[in-house]
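The primary structure of each chain is shown beneath.
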Amino acid sequence: HTLPVQVQGRPRAPRVMFLERLTKELNRKRTLTSEDLYKLNEAVFTMQEEDWVNDRLQDMLFKMAEKLTRDYVQKGGKAEENYFYDLVALLATLHNQHFFSDEQNARLCGMLGKVVGTEVDLGPASASEAKKAQEKLAASKAKVDELTAENKKLKQELEQMKKDQAKIMEVASAVQTLVTFKIPSSILDSAKKAENKREPKEGAEAKSGPSPDLVQKAIDGLKNLDTALEEAKAKGEEGEKAAGELSQAKSQLSQYFRQLVYSRGQASRAGVGRQPPQDAARKAADALRALGKAWSDLSKSKDAKAKAAVTAARDFGSTITVEKRPAELLGMGNPLLDISAEVDKEVLDKYGLKENDAILAEEKHEEIYGELAGKDGVKYGAGGATLNSIRVAQWMLKRAGSTAYMGCVGADENSKKLRLACRKDGVRAVLMTDESTPTGVCGVCVNGVHRSMVTKLAAANNYKVDHVKEEANWSVVEGAKVVYSAGFFITVSPDAMREVAKYCTANDRTYCLNLAAPFICEVPVFSSVIIELMPNVDILFGNESEAAALAKGQGWSETSVADIAKKCAGLPKEKDAKPRIVVFTQGTEPTIVAVGDEVTEYPIVKIDQEKIKDTTGAGDAYVGGFLAGLVLRKDVEECCSMGAYSASVVIQHDGASFPPRPMYRSAKKAAGKADDANGPEAGDKEEEKKEDEEKKEGEEKKEDEEKKEGEEKKEDEE
């Protein structure tokens, strides 16, 4: 990866070139085999966030996916063994990549639905069509009965496998990979034992592993479905019960089939076989197809109960997703539903609000949310300072699932909207649910280019440290490179912040804190937590007013933003080898950054006043861009450039919103500089080389072709 080839001004890694070459090769074939799909899936799977894919390759991949789906559906699902399995895995991997548009991702999701047979039509059907549907349903139910009978045989096979040390270790290793999504050394050891067919020592018990019950759970899901339909038909019960049972079966099946899809690539890398366990994968695939056909047939029936059941399962195709890696950025904060509307100065005075201020709601603010909701042009959105920053960071990183977020919500419609918004933005929501308290809200009063926020935390105020300590949630902390919280979270769960901050320091992670608001810095009970956390804080964010409030609250003599930044940078730190970075924004003025004793100013992106729509979330957006730079291991200058770009985009949109894709260009590239690893001279030479090659392209075609062959050979050797 140290010798990128310049194409259209951007470096292309060997894995991108390999993907392009493989795609072209497969495009020339009339028919693709299961092995071809497996190779292409592997090539797409290895793509990284920084890999740039040009429009031509993106278009080739998308058209190939469309053709594969269309051909498979036209053939009625008839294909070679494992073809269905490999096609679903490929579509799921493409859906999770960063180089497709939102529209293309939605269409890929639809392709998945078509392949697994879950795309349904709930419109009216004729009597003859209904009869045909019933016949197909009967055939599908017969398939379910067949699977149930085969389940008994499968149990016997599994019992036999337990007597064979090599086989049981292979299955156990594969299932362990599914559970952890990692490749521990124990799996490699297990694979080696399986390959050598070592027998256990006499008298020794076989090494235990996770129970290979993947197929059993999938078939149990089918049985639940069959039982629910029979009961609803025989007893005339309400369609809601049948729908509930269907939803449960759907959820169970999708979970385990999704794990099986993922297992193949991981187990292959671990050396435990190309498709472990083969029987489990095949049975689950057959079960899924039978289930999809049953739903499709039911949709054409005039039975209201059957339609209610199908309605509950319509979104099954969208649940086929693959989580390839842990989130690299984790945010912990107060999730809120934003209610934003334009107001005049009288509204601010009525509720005692200041411009560009953020406060917690008091009794006198109770009516403001209803008043904002009644305004013309009111807007709702997922919000909260930390969540806004994480959403922007995810937008800049592009690859879905690069970020995660923790907080507490209620068990209400607002929480559903928040979860849906997170999923739409690509953020993994790891939320605690408080069933006794409603989801928190934030009233955003927009007055010109200024905004004032009044937050009612509600459920967000009930987050407990026990939630982050749960094994599944703590694994998210362990997988993150960077953890970020705004100071508002101090009012909710300082214990959770202490726990995570200490872990980050001890395990060489980056912990980031934002001062958030002047009252956090001035009120002793909150400001004391800031000072307590400071030894573990690697990066401190804030603005000029928050910096002044912190200095005032701590009784410091420093008054200028630069001096306060330097003071914060010099506060005691547990790991001095990793100097603290302090980033203070100043609105339309340059950003102040202090590292040790050095203070540097970095420019912002100037936007014409007439283009500015709303400054809501501008500071959060700056932090989000900066955090994205940290995840990508950029230097401070580049991080500030990404932050300034993000803020400049957000203020040109209503609320903390942004366009579908960022159009960010590296500050160094824009200035004609080369990457740090090459130096400025190397960058100039690379540009000159590119220009020379373009001029000689027509005259020295043969030489260029020989050069390309040499590069491809070198790439293969690497």
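The structure reproduced in this document is the subject of the present report. (Residues numbered from 1 in each chain as written. Predicted model: local features only at pLDDT ≥ 70, side-chain atom pairs only at ≥ 80, totals over all residues. Heavy atoms only, no water.)

So, on to the overall build of the chain. Secondary structure summary: the chain contains 28 helices and 16 strands in total. For the chain, buried positions account for 50% of its 718 residues. (Helix = DSSP H or I, 4+ residues; strand = E, 2+ residues; numbered from the N terminus. Buried < 20%, exposed > 50% of the residue type's maximum accessible area, 1.4 Å probe, protein only.)

Attention now moves to unusual backbone geometry. At Lys398, a position not held by glycine, the phi torsion is positive, near 75 degrees. Along the chain, Lys398 falls in the loop between α15 (385-397) and β7 (403-410). Given the relative accessible area of 39%, Lys398 is considered partly exposed. One non-glycine residue, Ala458, lies in positive phi territory at about 50 degrees. Tracing the backbone shows Ala458 in the loop between β10 (450-456) and α17 (465-469).

Applying the stated criterion across every chain, the model contains five cavities of 30 Å³ or more. Roughly 200 Å³ of volume is contained in the largest cavity. In terms of lining, the largest cavity is formed by 21 residues, of which the most central are Leu336, Gly384, Ala385, Thr455 and Phe488. Residue assignment for the lining of the largest cavity shows that the elements contributing at least two residues are β4 (336-342), β5 (358-360), α15 and β10. A total of three residues in the lining of the largest cavity trace back to one element, the largest contributor, which is α15. (1 Å grid on protein atoms, 1.4 Å probe; cavity = no way out; pocket = protein on both sides within 12 Å on 5 of 7 lines; lining within 4 Å. Points joined across faces, edges and corners; volume = space filled by probe spheres on them.)

So, about the sheet that holds β5. Spatial strand order, β5-β10-β9-β4-β6: five strands in an open sheet with mixed pairing. Strands with a single pairing partner mark the edges of an open sheet, and in this sheet they are β5 and β6 (379-383). In this sheet, adjacent strand axes meet at a mean angle of 25 degrees when their direction is disregarded. Direction of pairing for β4 relative to strand β9 (residues 441-447): parallel, over a ladder of six bridges. Residue pairing for β9: Ala341 is matched across the bridge by Cys445. Across the face of the sheet, α15 comes into contact with β4 and β6 while running at roughly 85 degrees to β6. (Pairing = 2+ DSSP bridges. Axes fitted to C-alpha atoms, helices over the stretch in contact; angles between N-to-C directions. Contact = heavy atoms within 4.5 Å.)

Scanning all chains against the criterion turns up 15 salt bridges. Here Asp36 ties to Lys29 by a salt bridge, and the two come within 2.7 Å at their closest N and O atoms. By relative accessible area, Asp36 is classed as buried at 7%. One salt bridge connects Asp495 with Arg498, and the closest N-O pair in it is separated by 2.6 Å. Separated by three residues within a single helix, Asp495 and Arg498 lie in helix α19 (residues 494-506), roughly one turn from each other. Judged by relative accessible area, Asp495 falls into the partly exposed class, the value being 45%. For Arg498, a relative accessible area of 22% puts it in the partly exposed group. (Salt bridge = Lys/Arg side-chain N within 4 Å of Asp/Glu carboxyl O.)

Before going further, it helps to spend a moment on the state of the cysteines. Evaluated as defined, the whole model comprises zero disulfides. Cys640 forms no disulfide, and the closest cysteine sulfur to it belongs to Cys639, at a distance of 7.0 Å. For Cys640, a relative accessible area of 1% corresponds to the buried category. (Disulfide = S-S within 2.5 Å.)

This part covers the nonpolar core. Ranked by size, the top nonpolar core spans 109 residues in total, and within it Tyr463, Phe584 and Leu627 carry the most contacts. Take this core: its biggest share by element is nine residues, from helix α25 (residues 636-650). The residues contacting Tyr463, other than those within four sequence positions of it, are Met332, Met406, Gly407, Cys408, Met432, Val468, Phe489, Val492, Ser493 and Ala496. Grouped together as the second largest cluster of nonpolar side chains are 34 residues, Leu26, Leu32, Ala43 and Met47 included. (Core = buried A, V, L, I, M, F, W, Y, C linked by side-chain atoms within 4.5 Å.)

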